[in-house]
Amino acid sequence: MAGPLQRRRERERLERLARDFAVNAPNSATAGTGAEPEAQATYSTAYQAGMREEMIRDATIFVLGTDLYDRGGHFSQVKGLGPEFGADRVRDTPISEAAMVAAGVGAAMNGTRPVVDLNFIDFSYGAMDELVNQAAKVRYMWNRPVPLVVRATAGVAQGGAQHNNSLQSWFMGTPGLAVVFPSRPWDVKGLLKSALRGHDPVVFLMHKLLTGARGPVGGEDDVVPIGSARIVRPGRDVTLATYGYGVVLAEKAAAAVSGEGIDVEVIDLRTLAPLDVDTVAASVRRTGRALVLDEAPAVAGPAAEIAAAISDAAFWYLDQPVTRLTGRHSPIPHSPALIAGLLPDEAATVDALRRLARASGPEVAAS
Amino acid sequence: MTATSTTLPLPDVASADLREWLSTMVLVRTFEEAADGLALRGKIPGGMHPAIGQEAVAVGAARALRSGDIVTGTHRSHHHALAKGMSPAGVLAELYGKAGGSNGGRGGSMHLADFDLGLWGSNGIVGGGLGIALGAALGAEVLGSEQISLGFFGDGGANTGRVWEFTNLAAIWSLPLVIVCENNLYAVETISERVTGGGDITARAAGFGLPAHQIDGQDVVAVHRAVRDAAEQARSGGGPTFLEVRTYRYKGHDSGQVIRYRTEDEVQRWRTSRDPIENFTARLTDAGVLTADEMSTIVEQARRMVDAAVAFAEESPWPDPCSAAENVSAWNASPGTSR
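Residues numbered from 1 in each chain as written. Chains lettered and ligands numbered in written order. Predicted model: local features only at pLDDT ≥ 70, side-chain atom pairs only at ≥ 80, totals over all residues. Heavy atoms only, no water.

A. Structural detail: the pattern of salt bridges. Taken as a whole and judged by the stated rule, the model has 36 salt bridges over all chains. Residues Arg66(B) and Glu146(B) are paired through a salt bridge, measuring 3.1 Å at the closest nitrogen-oxygen approach. A residue pair is termed long-range when its members are at least 10 positions apart, and Arg66(B) in the loop between α2 (55-62) and β1 (70-72) and Glu146(B) in the loop between α5 (128-143) and β2 (149-154) qualify at 80 residues. Since its relative accessible area comes to 47%, Arg66(B) is described here as partly exposed. Residue Glu146(B) is classed as exposed on the basis of its relative accessible area, which comes to 55%. Among the salt bridges present, the one from Arg283(B) reaches Asp219(B), with a minimum N-O distance of 3.1 Å. Residue Arg283(B) is located in helix α10 (residues 276-286), and its partner Asp219(B) is located in the loop between β6 (212-216) and α8 (220-235); the two are separated by 64 residues in the primary sequence. Of the residues examined, Asp219(B) reaches a relative accessible area of 2% and is grouped as buried. What emerges from the salt-bridge pattern is a single network uniting Glu53(A), Glu54(A), Arg57(A), Lys189(A), Lys193(A), Arg197(A) and Asp221(A). (Salt bridge = Lys/Arg side-chain N within 4 Å of Asp/Glu carboxyl O. Helix = DSSP H or I, 4+ residues; strand = E, 2+ residues; numbered from the N terminus. Buried < 20%, exposed > 50% of the residue type's maximum accessible area, 1.4 Å probe, protein only.)

Structure representation (structure tokens):
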């Protein structure tokens, strides 16, 4: 693990990102005004608050995973809940993902509501059988509900090839699993509430770079439905569909091109499975142009599915082929310089928006 | 192990119950012999894994539990299902993939389940069912119920990592779980002792700091006693117990398999001297608990039930293909197209 110095630097970096994000926070009352936003929670503390409220509401909710009770998890996601609710409801486990998820699956089948916290979604490979072969199939095979939440931090940051996998495409391809990937505190809390009030397994992914992002959060019963996208910013010319940290890039890029007369509609998918195709397709029918922004690799990735769904539902409204701007087909390296070479950034998003908005013929292909 | 079956006294249970144990073992044997033949005739899509020879394990274990307790099975689980009380007709129709099957044709031979009966699924993944039993035990503890769970796995599963991850968690959390390794000596076609480091599954389990015992799985009384003690310990907060139950399957890994990895002599030795049904029948007869007429009735009843099951499975309609993608997840009401 990182030493104190690296941790402090990482925290400072996340705080910079958080400040940066807050200014552009979706639905923030002061977004774009330059004033301090009315920050009520961070992405991480919104999760804590959601867990706390739901644990008070429902005594069968408990969380299990490593380093949770004292540390609150590697992203402080449940900080404080251990002493507050006790070691039976914030359960520290051995480093054994298969046992964590299996215990969650069986406990969920037995009428409790476990949250399995894997810290990093990369570690779910150690429990893939329990997640994919058991949790996802129990309802189908046996008509038994599995109200299980598997929470993990996802998305590309630092930490090398084995802490930055984009596993969302794997889980999207697994019938029986819902996959949520919020981009702002409001949705973290609201989607968590949906997950903890439902009957089926949910893979709950939180982007590392958004850990400290600030924004408003809802109250005890502000539930965000799973499977519902959100129009972050309405626009007439191009639909930009994305999720997670992509929403930050999308908002910046949309602001950057607005002065050029390109009016971008930004959609935060919020949930990858099930995918809210209706909201995206309705937008594309209005704009005629679609950009899908995703840091996951292109091959068989979420963007491929989203692009295909747009083509299926809105092909005759399209003025140009659907454009995908994604991460490259590569593991994630250690060096920040190399990471930058793999991922879409604001400049690439701006460039893709410009080319797509101005394209009028077959010579203008995808990026 | 290898305590001969007459060395232990009969358990302190009613004679009628002992005859019921035997009846269920005979039903399992009759069912499995019939199903094996039907699989060879192509009636069972994907075939099946017969547990002929392992009847005492399932019946001894199931009868040591309370009705609210939970059992999870393995890919070879018809005996577990029938011992837990699933109807032969529902099970056989499920093997056929028919609408009248216990899971409407969604499960099949390796995925039998009836939650009302406490059968929380047989499982096609080696060691997978033990994980569900582990979680069920955790759920029971969280809810403060008196329920316990029992997870079966095989000697093949004893060489998977997950089985020991589950055992470790159950041990450190003192969960109300009975862990049963149904060791039938062969992991598919591999002789287990050749691929088991240290050679002793029970000793391996004991390293996790929980009671671990080896049991004669051909003796229904021995299995019953061991599981009953383990269940009592689990229910009273004493934590999990590991039982390695030594048994034997007369057939191959799956129906119709050509067996090259063991001799016919070996099979015959087990069949003639270690058969769980013959030995238990002899003990009950010797003890005056069972008459020859009663045995004839037991055999005849099993025959009739299995014949009725075959007729039911044959006549049951196929499930509606339009329903095939239903009930995947409430979050996701089957989007996409099927054709």
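B. Just the confidence of the model for chain A, in detail. When pLDDT is averaged along chain A, the result is 91, and 88% of the positions lie at 70 or above. For residues 18-39 of chain A, every residue scores under 50 in pLDDT, and the model assigns this stretch 36 contacts once sequence neighbours within four places are set aside. (pLDDT = per-residue confidence, 0-100. Contact = heavy atoms within 4.5 Å.)

C. Broad picture of empty space enclosed by the protein. Residues and elements named next belong to chain A. Evaluation of the coordinates by the stated rule reveals four cavities of 30 Å³ or more. Volume-wise, the second largest cavity comes out at about 50 Å³. As for the second largest cavity, its lining consists of Tyr43, Ser44, Phe75, Gln77, Arg151, Thr153, Met206, His207, Lys208 and Thr211. Contributions of two or more residues to the lining of the second largest cavity are made by α2 (43-57), β5 (149-154) and β7 (202-207). Considering only residue class, the lining of the second largest cavity consists of three nonpolar, five polar and two charged. (1 Å grid on protein atoms, 1.4 Å probe; cavity = no way out; pocket = protein on both sides within 12 Å on 5 of 7 lines; lining within 4 Å. Points joined across faces, edges and corners; volume = space filled by probe spheres on them. Nonpolar A, V, L, I, M, F, W, Y, C, P; charged D, E, K, R; others polar.)

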